[in-house]
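# Per-entry structural report
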Amino acid sequence: MSFQMEVVDGNGESLGLPEHFLKIPLTALRCSIRKTIALHLNVPSEIVDQETGYVNDYNGFAEFVGFIYLEIKHFSRQKSPTEELLEEWETRDDLQPSIGKLWEGLYFLGRFDVMKDCQLAIVNDVELFLRNKERQENMIQPVQSNDVSQSSDHHVDEEIITCRGDVENKAPQYFDAFVSYNHDGEDIRFVKDMIKILEGEPHKLKLFIPGRDDLPGAAKYVMDARLIETRCRRMVIILSNNYLLSSACDFQCKFAHALSPGARSKKLIPVIIEPVTAIPQILRHVTLCDFTKVDLQEWFWNRLSSAIKQPLDPAASGWSQGSPMSSTSVGSLSSIASSPDSAIGQSLSSSSDVKMEIPSESYESIKSDWVDLSSEFSSQSESEISRSMSPPAITSSSAPNISNKPSVNQKEIVYKRQSPTGSLTASSSKGMKSDIKRFFGGIGKFKFGGSSNSSVKDPSPQ
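Predicted, not measured: the structure shown is a model, and the values here were computed from it.

## Describing the overall build of the chain
Counting its regular elements, the chain contains 16 helices and ten strands. Within the span of the chain, comprising 462 residues, buried residues form 35% of the whole. A sequence separation of at least 24 residues applies to 72% of the contacts in the chain between residues at least 6 apart. Here the chain has roughly 27,900 Å² of accessible surface; of this, 52% comes from carbon and sulfur atoms.

Here's what the structure looks like:
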């Protein structure tokens, strides 16, 4: 049944309310009008309306609203049953607590006396309520926009803005390290000292500190994962007994470890600030930065700063590891060979493969003192070849100690020193040193490869 707001009493007087009052909440009524309504309805009545079947006091009004018998009995035990009814009604959205519903109930009970006495007061209360509501809406403007939607926010990408710096600088912010620590413990004191040292001179690092740089209201674990993966190069773990009790720290540590399971990129940097009962299993293979060792504290901050600054991928950052032998000149090798205290054989055998290229102009002078013995290998076994290539016992420390044997399958010319008797001899230490000088003086360059054989190539055409 729809209720029309235009009401006329028995004398023809209008008792209606403006149409837009229909859905005004019952909270618009002030205390004075509530007491006025209660003065009329609190008086017990024995009159039952024949058409509606309601008693025209607070009991009948409570039945009209929708309260059950036990609730109505509870109202009857109160000092002012009608006021208690109105207060309880305001909290029951399922019973439609509105001015229109109140006015409709009074009409159905035939309480035109209450409607006439309260009409003007209700109009004033509602108009005041609407003015206050309009003023509050004008005073409080939303920060983001005027159209705040109550619909689903699944389409909103919450990962675009992840920290306080994004809001202040209106651009994504990136950090040198994410600091993982337990907010509830005493670890915050160490973190504050770390902020002063590492973010100041001379380190000038940019740290993400949970509790300082994160945004309230965001999905905590989602934001932590996003920051660790895409915004922070490293993660510094403030390891203490309190840290082991934090579920949030446990998630951060395991997530960062999953990004670098083999610790090759050194993303995790554990820092021990107190003796701990147990180190997490995933951190036992990672080098620790121990603040508890007093004798190492003077190096602590520089070590930690360097660990944070180092590139994640040195090769991609332009770092290269040069081979010490690759930059060695022929002159330096000649000086090593001519030194009486050198061990040139040991130096040559330490590399995996040595190839000697001899210029054509030096080849003839060397070839005159050496003969081709490659034909000997066709009739010798491998053990005999090894014994024939073993150098004689020479007491001088300047003699070469080349013990690598050539492969019989390689088509290379091997030269051996020829003596008047046709065998390897070492006449004197002085003579051997002069031979080494002559030999290395004609060498163009060395090449180092992957095989284990050392040989001298003949540069002349076969």
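There's plenty left to go through after this.
## Re the environment of E90
Inspection of the secondary structure assignment puts E90 in helix α4 (residues 81-90). Exposure remark for E90: the relative accessible area of 23% places this residue in the partly exposed category. On a C-alpha basis, the gap between E90 and P25 in space is 8.1 Å, while along the polypeptide they are 65 residues apart. Beyond its immediate sequence surroundings of up to four residues, E90 is in contact with L26, T27, R34 and P97.

## Things to note about the pairing of strand β1 (residues 175-180)
Counted residue by residue, β1 has six buried out of six residues, so it is predominantly covered. In terms of strand pairing, β1 meets strand β3 (residues 232-239) through five bridges, oriented parallel. In the sheet register, F175 faces β3, and the bridge partner there is C232. As judged from the two bridges shared by β1 and strand β2 (residues 207-208), these two strands associate in the parallel manner. Of the residues in β2, the one forming a bridge with A177 is L207. In this region the chain leaves β1, passes through helix α8 (residues 187-198) and returns to the parallel neighbour β2; the handedness of that crossover is right-handed.

## Digging into the pairing of strand β4 (residues 268-272)
The side chains of a regular strand alternate between both faces of the sheet. Burial analysis of β4 places five of its five residues in the buried class, the great majority of the element. Side-chain alternation along β4 places L268, P270 and I272 on one buried face and I269 and V271 on a second face that is also buried. Two strands pair when backbone bridges link them, and β4 and strand β5 (residues 289-290) are joined in this way by two bridges, in the parallel orientation. Residue I272 lies in a different strand from β5, and its bridge partner there is D290.

## Concerning a nonpolar patch on the surface
Residues I68, Y69 and L70 make up a contiguous nonpolar surface patch of about 380 Å² in total accessible area. Topologically, L70 is positioned in helix α3 (residues 69-76). Using a relative accessible area of 62% as the deciding quantity, one classes L70 as exposed.

## Describing unusual backbone geometry
Peptide bonds are trans in most cases, and residues, glycine excluded, mostly fall at negative phi. Note that the residue after E201, namely P202, is joined by a cis bond; omega there is 0 degrees. Assignment of secondary structure puts P202 in the loop between α8 and β2. Its identity as a non-glycine residue notwithstanding, Q96 has a phi of 55 degrees, on the positive side. The topology assignment puts Q96 in the loop between α4 and α5 (99-108). One non-glycine residue, K170, lies in positive phi territory at about 55 degrees. Within the secondary structure, K170 sits in the loop between α7 (164-169) and β1.

## Some points on the sheet that holds β5
Overall, parallel pairing links the five strands, which are arranged β2-β1-β3-β4-β5 in an open sheet. The sheet terminates laterally at β2 and β5, the two strands that pair on one side only. Against the sheet, helix α11 (residues 297-309) touches β1, β3, β4 and β5, its axis set at about 145 degrees to β3.

## Some details on the packing of aromatic side chains
Going through the model one piece at a time under the given rule, you end up with 16 aromatic pairs. Seen in terms of ring centroids, Y54 and F64 are 6.1 Å apart; in terms of plane orientation they differ by 85 degrees. Their pairing is edge-to-face. Here the residue Y54 occupies a position in the loop between α1 (31-41) and α2 (58-65), and F64 occupies one in helix α2, the gap between them amounting to ten residues. Among the residues examined, Y54 registers a relative accessible area of 22% and is labelled partly exposed. Given the relative accessible area of 13%, F64 is considered buried. Counting every residue linked through ring pairs, the aromatic cluster contains Y54, F64, Y107, F108 and F112. Over the aromatic face of F64 sits the side chain of K101, whose NZ or CZ is 5.0 Å from the ring centroid.

## Focus: the pattern of salt bridges
All told, the structure shown has 15 salt bridges when counted by the stated rule. For the salt bridge of R212 with E199, the shortest nitrogen-to-oxygen distance reads 3.1 Å. Residue R212 is located in the loop between β2 and α9 (220-231), and its partner E199 is located in the loop between α8 and β2; the two are separated by 13 residues in the primary sequence. Its relative accessible area of 31% is what places R212 among the partly exposed residues. With a relative accessible area of 29%, E199 lands in the partly exposed category. The closest approach of N and O atoms between D224 and K220, which form a salt bridge, is 3.8 Å. Note that D224 and K220 are positioned in helix α9 at a spacing of four residues, about one turn of the helix. Residue K220 is classed as partly exposed on the basis of its relative accessible area of 39%.

## A short note on the confidence of the model for the chain
In this model, the chain carries an average pLDDT of 74, and 62% of its residues clear a pLDDT of 70 or more. Between residues 323-355, whose pLDDT stays under 50, and residues either more than four places distant or in other chains, the model counts 54 contacts. Taken together, the stretch residues 443-462 has pLDDT below 50 and engages in 61 contacts with residues farther than four places along the chain or on a different chain.

## Digging into the packing of α9 against helix α10 (residues 247-259)
Direction vectors running N to C along α9 and α10 enclose 35 degrees, while the axes themselves pass 10 Å from each other. For the pair α9 and α10, the sense of crossing is right-handed. Mapping the contact onto sequence places K220, Y221, D224, A225, I228 and E229 in α9 and S247, A248, F251, Q252, F255, A256 and L259 in α10. Grouping the constituent residues of the contact of α9 with α10 by class yields eight nonpolar, two polar and three charged.

Calculation notes
Residues numbered from 1 in each chain as written. Predicted model: local features only at pLDDT ≥ 70, side-chain atom pairs only at ≥ 80, totals over all residues. Heavy atoms only, no water. Helix = DSSP H or I, 4+ residues; strand = E, 2+ residues; numbered from the N terminus. Buried < 20%, exposed > 50% of the residue type's maximum accessible area, 1.4 Å probe, protein only. Contact = heavy atoms within 4.5 Å. Areas by Shrake-Rupley, 256 points an atom, 1.4 Å probe, with all protein chains shown as cover. Pairing = 2+ DSSP bridges. Right-handed = clockwise from strand over helix to strand, strands pointing away. Patch = residues over 30% accessible without salt bridge, like charges linked within 9 Å, V, L, I, M, F, W, Y side chains within 5 Å. Salt bridge = Lys/Arg side-chain N within 4 Å of Asp/Glu carboxyl O. Axes fitted to C-alpha atoms, helices over the stretch in contact; angles between N-to-C directions. Phe/Tyr/Trp six-rings, centres within 6.5 Å; stacked < 30°, edge-to-face > 60°. Lys NZ or Arg CZ within 6 Å of the ring centre and 35° of its normal. pLDDT = per-residue confidence, 0-100. Left-handed = near helix turned anticlockwise from the far one by under 90°. Nonpolar A, V, L, I, M, F, W, Y, C, P; charged D, E, K, R; others polar.

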